[in-house]
Amino acid sequence: MTPLAGYLLVAALLFAIGLGGALIRRNAILVLIGIELMLNAANLNLIAFWRYGPHPEALTGMMFAIFSIAVAAAEAAVGLGLIISIYRHAQTTDLDRINRMKG
Amino acid sequence: MLIQEGAAAAFHPQIAGPASFAVRNLWLVPAVPIVAAGVIALLKQPRRKLSAGLAIGSLGFSMLLAFVAFAHVAAGWASGVAVRETVNFTWIQAGTASVALGWVLDPLSAVMLVMVTFVGLLIFIYSTGYMAHDENFTRFFCFLSLFAGAMLGLVISNSILLLFMCWELVGLTSYLLIGFWYHKPSAAAAAKKAFMTTRVGDVLFLLGMVWLFAQTGTLLFYNNGAGSMEGWALGGLISAHAGLGLTAAGAIGLLIFAGAVGKSGQFPLHVWLPDAMEGPTPVSALIHAATMVAAGVYLVARVYPLMQAGAAANGTTTALIVITWIGSITAVFAALIAIAQNDIKRILAYSTVSQLGYMMAGLGIGGVAVGMFHLITHAFFKSLLFLGAGSVIHGCHEEQDVRHMGGLKAYMPWTFATYAIAMLALCGFPLLFSGFWSKDAILESAKGWEISKGPYYLLVFGAVLTAFYMTRQVSYVFFGKWRGHHPAHESPRVMVLPMAILALFAVLLGLIGTPAWPWFRSFLEGHGAEANLSVFGEPAFLMLLGTSCIVVFLGIGIAWWLYGNRSPAAEEPDALEKAVPLVWAGLRDRLYVDEFYDVTVIAFYRAWARVANWLDRRVWGGIVAGVALAFRGLAHLDRLIDESWVNGGFDKGCEELSTGGGLLARMQTGRVQTYLRLLALAFVVLAAILIWSSRP
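Rules used in this analysis
- Residues numbered from 1 in each chain as written.
- Chains lettered and ligands numbered in written order.
- Predicted model: local features only at pLDDT ≥ 70, side-chain atom pairs only at ≥ 80, totals over all residues.
- Helix = DSSP H or I, 4+ residues; strand = E, 2+ residues; numbered from the N terminus.
- Rg over C-alpha atoms; globule rule 2.2 N^0.38 Å.
- Buried ≥ 20, exposed ≤ 12 C-beta atoms within 10 Å, placed from the backbone.
- Contact = placed C-beta atoms within 7 Å.
- Expected span 1.5 Å × (residues − 1).
- Core = buried A, V, L, I, M, F, W, Y, C linked by C-beta atoms within 7 Å.
- Axes fitted to C-alpha atoms, helices over the stretch in contact; angles between N-to-C directions.
- Parallel < 35°, antiparallel > 145°, perpendicular 65-115°, else oblique.
- Left-handed = near helix turned anticlockwise from the far one by under 90°.
- Nonpolar A, V, L, I, M, F, W, Y, C, P; charged D, E, K, R; others polar.
- Pairing = 2+ DSSP bridges.
- Bend = angle between axes of the 7 residues up to and from the residue.
- pLDDT = per-residue confidence, 0-100.

Now for the overall build of chain A. When you go through chain A residue by residue, the secondary structure sums to three helices and zero strands. Secondary structure elements in chain A, listed N-terminal to C-terminal, are α-α-α. In summary, chain A has a C-alpha radius of gyration of 17 Å against a globular reference of 13 Å for 103 residues, an excess of more than 25%. The principal-axis extents of the C-alpha atoms in chain A amount to approximately 50 × 25 × 20 Å. Taking all 103 residues of chain A together, 12% fall into the buried category. For chain A, the share of sequence-separated contacts (at least 6 apart) that also reach a separation of at least 24 residues comes to 51%.

Here it is, written out as structure tokens:
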């Protein structure tokens with residue numbers, strides 16, 4: 001097994017864990033954490049492909065990852081803000097009980 | 001001639017060159033107050049200080065620019081150049097025809113700019129005191145600023161169209177300000193009357209403008225030889241005949257003069273001006289005494305080359321003769337009426353009409369300088385008289401009837417002192433006051449007029465009447481015993497100070513127009529002025545001085561003998577009324593001009609209105625009702641079709657849609673994670689298909 005394949009496996013695992021958390025957990029905060037895990041799996045892929053790609057000296061993958069982390073930070077802030085305001089409104093973070101958009 | 005005709009030869013005209021700083025920025029003079037008016041219009045009622053500050057600040061800025069422009073022209077004059085700079089531009093281009101606008105800086109506009117901005121600024125300052133308790137303070141300053149801007153635009157315009165637009169704008173602001181207290185029915189009626197009466201003159205003015213454009217092909221007055229007031233165009237106007245023995249120049253001149261008759265309150269269109277006194281007093285001072293009503297005189301002065309074109313050997317034209325006679329008749333006519341009025345502002349209003357008549361006569365006989373000099377001096381002392389009247393009205397608790405005043409010189413010393421100076425200037429009190437010099441210039445040229453001596457006698461008689469009615473007014477208001485109810489009080493400093501400054505100028509302005517040093521005349525006509533004190537010793541001057549003295553002292557003497565210090569009770573009939581009741585009644589009722597219009601023009605319109613009303617109700621109304629009935633029938637038919645066929649099908653369709661929507665809505669659980677799971681599932685399926693299809 002090449003080192004690249006190892007990184008990709010770890011990333012795939014991380015992504016699966018994140019996806020599972022986001023789909024199964026009922027607590028909104030844990031869902032958010034799951035989403036963050038998926039994002040980080042993608043970051044890991046970016047770094048790995050860059051490092052073992054044809055131009056490891058060009059720093060492109062690192063730039064991608066840093067941008068993605070910055071965006072993720074902003075997204076986390078917005079997401080937490082949403083959750084707090086939803087909590088204030090509905091007095092719960094249980095996603096199954098927040099179903100006011102029901103048709 | 002008494003006034004020395006040019007010690008030096010006439011100046012050479014200015015050679016066209018790059019526009020100077022003064023003329024390039026001249027447009028700012030009217031633009032700044034107009035912008036200020038726009039800003040004030042957006043302010044809320046309580047922003048009093050800001051709105052007054054904006055109005056005064058913008059006009060102050062205009063005044064500075066006007067002084068710069070004046071200094072530029074005066075510097076040109078001092079170095080022997082008759083400055084006339086223009087900036088012209090095309091406003092609308094339609095095919096080969098173009099509508100050009102522009103502005104002009106010459107001695108005429110420079111003098112007028114300085115006068116309008118200076119007097120205007122003082123009256124603005126006075127207004128902050130006079131209107132202090134009015135709830136519509138900001139609206140007042142908005143209108144006042146708009147007026148100032150429009151008036152300044154009128155003064156500088158080099159295009160007859162631009163002049164006409166500003167002319168109508170000042171007419172509009174005049175309407176708005178006369179009707180400022182629109183809750184008073186009399187004020188609303190006076191505003192309407194002013195607007196419609198001046199409209200009569202304006203229509204003729206418009207005709208004259210269109211004719212001028214058709215004949216000369218240009219709207220500009222001066223355009224390096226191609227303007228309508230310059231040789232080439234005037235030559236064409238003289239050679240074209242307009243019928244009735246008039247050249248086109250004469251006919252157009254008369255039409256434009258008709259506009260001036262309306263705006264400057266000349267007989268027979270003077271009826272609106274006395275009624276315009278319903279507006280606040282600062283408005284009467286600024287618009288209906290000093291500036292706007294003088295716009296007619298200014299217009300005639302501006303198109304003077306046209307009026308004078310094709311002059312006969314005696315130096316005059318039909319247009320100028322008409323102007324002279326109308327002016328002289330107005331001067332006496334209004335002065336007669338002024339004698340028998342009891343409203344303090346109405347007396348002044350008729351006096352304004354009369355003085356405007358003097359200006360017109362001065363223009364007709366003596367030329368631009370004579371008429372304009374009286375315009376400038378009159379602007380100062382007449383606005384001062386109105387401000388004084390405002391101060392009196394303010395001090396007497398909104399009382400306007402002179403019979404209920406009296407003895408105010410003890411209560412209001414400042415107002416009395418300034419009012420007395422202005423009154424003496426208006427009467428033409430010899431030597432000391434500006435009014436004497438400007439009125440004498442008119443009388444002097446009238447005396448030398450070759451056509452007829454009629455205007456001279458009329459104007460001299462008018463001067464006696466002027467002294468008479470002003471003395472009558474002053475003795476009623478300031479002398480004798482107080483006849484009102486509450487004691488009067490002096491006005492605040494912000495009102496007295498502008499009056500004091502105006503009083504100063506009412507005296508000093510005479511210095512620039514004496515026969516010994518006719519600076520004003522030389523400045524306007526473009527030749528040198530030399531001081532020549534020996535003129536005072538000439539028999540012609542002494543004779544004129546003698547006539548003036550006799551005239552003034554006769555007027556003042558008779559009036560003082562009849563009214564001085566008598567202080568009759570308010571209900572007692574007037575001294576003149578006792579002597580000649582019939583004449584008095586005629587004068588008191590304003591010589592029945594209004595009544596005459598009532599039974600002629602207005603009766604005619606009323607009859608027409610009745611006919612139109614009948615036509616409207618019976619004929620046109622019947623047709624409209626018939627059409628309406630037909631459409632109602634159609635509408636009933638439509639409704640029947642709608643209800644029986646269309647509605648049924650539509651309702652069924654709607655029901656189906658509604659059930660379908662209900663079924664689809666069940667898919668929306670509202671749970672985020674359900675959506676996510678479906679998304680994930682779809683993703684997995686998609687991935688499986690992709691892998692499956694791309695296997696080797």
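On we go.
Once that is clear, we can look at the overall build of chain B. Broken down by element type, chain B carries 27 helices and six strands. Against the compact-globule benchmark of 26 Å for 696 residues, chain B has a radius of gyration of 33 Å, which places it well outside the compact range. On the principal axes, the C-alpha backbone points of chain B span a range of 130 × 65 × 55 Å. With 696 residues in all, chain B has 49% of them scored as buried. Taking all contacts inside chain B whose residues are at least 6 apart in sequence as the whole, residues at least 24 apart take part in 78%.

Bringing helix H15 (residues 344–366) of chain B into the picture now. Residues and elements named next belong to chain B. Between the first and last C-alpha of H15 there are 32 Å, a value that for 23 residues agrees with the 33 Å anticipated at 1.5 Å per step. Buried residues dominate H15, accounting for 23 of its 23 residues. Positive backbone phi, at 100 degrees, marks Gly 367, one or two positions downstream of H15.

The next subject is the nonpolar core. Residue and element names in this part refer to chain B. Of all hydrophobic cores here, the largest spans 217 residues; its most connected members are Leu 113, Val 297, Ala 422 and Ala 506. Among the elements that make up this core, the one with the highest residue count is helix H16 (residues 368–395) (16 residues). Apart from residues lying up to four places away in sequence, Ala 506 is in contact with Phe 380, Phe 381, Leu 384, Ile 421, Ala 422, Ala 425, Phe 433 and Ser 434.

Take the packing of helix H18 (residues 413–427) of chain B against helix H21 (residues 493–508) of chain B next. Residue and element names in this part refer to chain B. Running from N to C, H18 and H21 point in directions that differ by 30 degrees, and their axes come no closer than 9 Å. By the angle between their directions, the pair H18 and H21 is classed as roughly parallel. Classified by chirality, the crossing of H21 by H18 is left-handed. Where H18 abuts H21, its residues Trp 414, Thr 418, Ile 421, Ala 422 and Ala 425 lie against Val 496, Met 499, Ala 500, Ala 503, Ala 506 and Val 507. Taken together, the residues of the contact of H18 with H21 sort by class into 10 nonpolar, one polar and no charged.

A few words on the pairing of strand S4 (residues 97–105) of chain B. All names here are of chain B. Pairing between strand S3 (residues 85–94) and S4: nine bridges, direction antiparallel. Following the sheet pairing, Thr 90 is matched in S4 by Ala 100. Hairpin geometry of S3 and S4 is characterised by an intervening segment of two residues between the two adjacent antiparallel strands and by a positive phi of about 65 degrees at Gly 95.

Next up on the list: unusual backbone geometry. Residue and element names in this part refer to chain B. In the segment running from Phe 267 into Pro 268, the intervening peptide bond is cis, with an omega of 5 degrees. On the secondary structure map, Pro 268 appears in the loop between helix H9 (248–263) and helix H10 (272–275). With a phi close to 60 degrees, Tyr 592 is a non-glycine residue in the positive phi region. Turning to its location among the elements, Tyr 592 is positioned in the loop between helix H25 (581–588) and helix H26 (593–665).

Our focus in this paragraph is the packing of helix H11 (residues 281–290) of chain B against H16 of chain B. All names here are of chain B. It is at 8 Å that the axes of H11 and H16 come closest, and there the two elements cross at 160 degrees. On the basis of the axis angle, H11 is roughly antiparallel to H16. Every pair of crossing elements has a handedness; the one defined by H11 and H16 is right-handed. Packed against H11, whose contacting residues are Thr 281, Pro 282, Ser 284, Ala 285, Leu 286, Ala 289 and Ala 290, the element H16 presents Ala 379, Lys 382, Ser 383, Phe 386, Leu 387, Ala 389, Gly 390 and Ile 393 at the interface.

Attention shifts here to H26 of chain B. Residue and element names in this part refer to chain B. The first and last C-alpha atoms of H26 sit only 84 Å apart over 73 residues, clearly below the 108 Å expected at 1.5 Å per residue. The largest bend in H26 is about 45 degrees, located at Val 646. Among the 73 residues in H26, zero count as buried, and that is only a small part of the element.

Moving on: the interface of chain B and chain A. Taken together, the contact between chain B and chain A spans 12 residues of the former and 10 residues of the latter. When residues of the side of chain B that touches chain A are assigned to their parent elements, the largest contribution, five residues, is made by helix H27 (residues 672–693) of chain B. Residues belonging to the side of chain B that touches chain A are distributed by class as follows: five nonpolar, four polar and three charged.

Before going further, it helps to spend a moment on the confidence of the model for chain B. Of the residues in chain B, 96% have a pLDDT of 70 or more, and the chain-wide mean is 86. Contacts for the low-pLDDT stretch residues 1–9 of chain B, under 50 throughout, to residues beyond four places or in other chains number 17 contacts.

Another aspect to go through is the environment of Pro 305 of chain B. Residues and elements named next belong to chain B. Relative to the assigned elements, Pro 305 resides in helix H13 (residues 304–308). You can call Pro 305 buried: it has 20 C-beta atoms within 10 Å. Counting along the chain gives 77 residues from Pro 305 to Ser 228, while the straight-line C-alpha distance between them is 9.2 Å. Apart from the residues lying within four places of it in its own chain, the contact partners of Pro 305 are Met 229 and Leu 234.

Residues and elements named next belong to chain B. Mapped onto the fold, Ile 178 is located in helix H6 (residues 160–178). Looking at Ile 178, the number of C-beta atoms within 10 Å reads 29, which means it is buried. Between the C-alpha atom of Ile 178 and that of Tyr 130, which follows or precedes it by 48 residues, the distance is 16 Å. Excluding anything up to four places from it in sequence, Ile 178 contacts Ala 187, Ala 190, Ala 191, Ala 194, Ala 276, Glu 278 and Gly 279.

The next subject is the environment of Leu 336 of chain B. Residues and elements named next belong to chain B. Here Leu 336 shows up in helix H14 (residues 318–339). For Leu 336 and Leu 101, which are 235 residues apart along the polypeptide, the C-alpha to C-alpha distance reads 42 Å. Beyond its immediate sequence surroundings of up to four residues, Leu 336 is in contact with Leu 465 and Leu 587.

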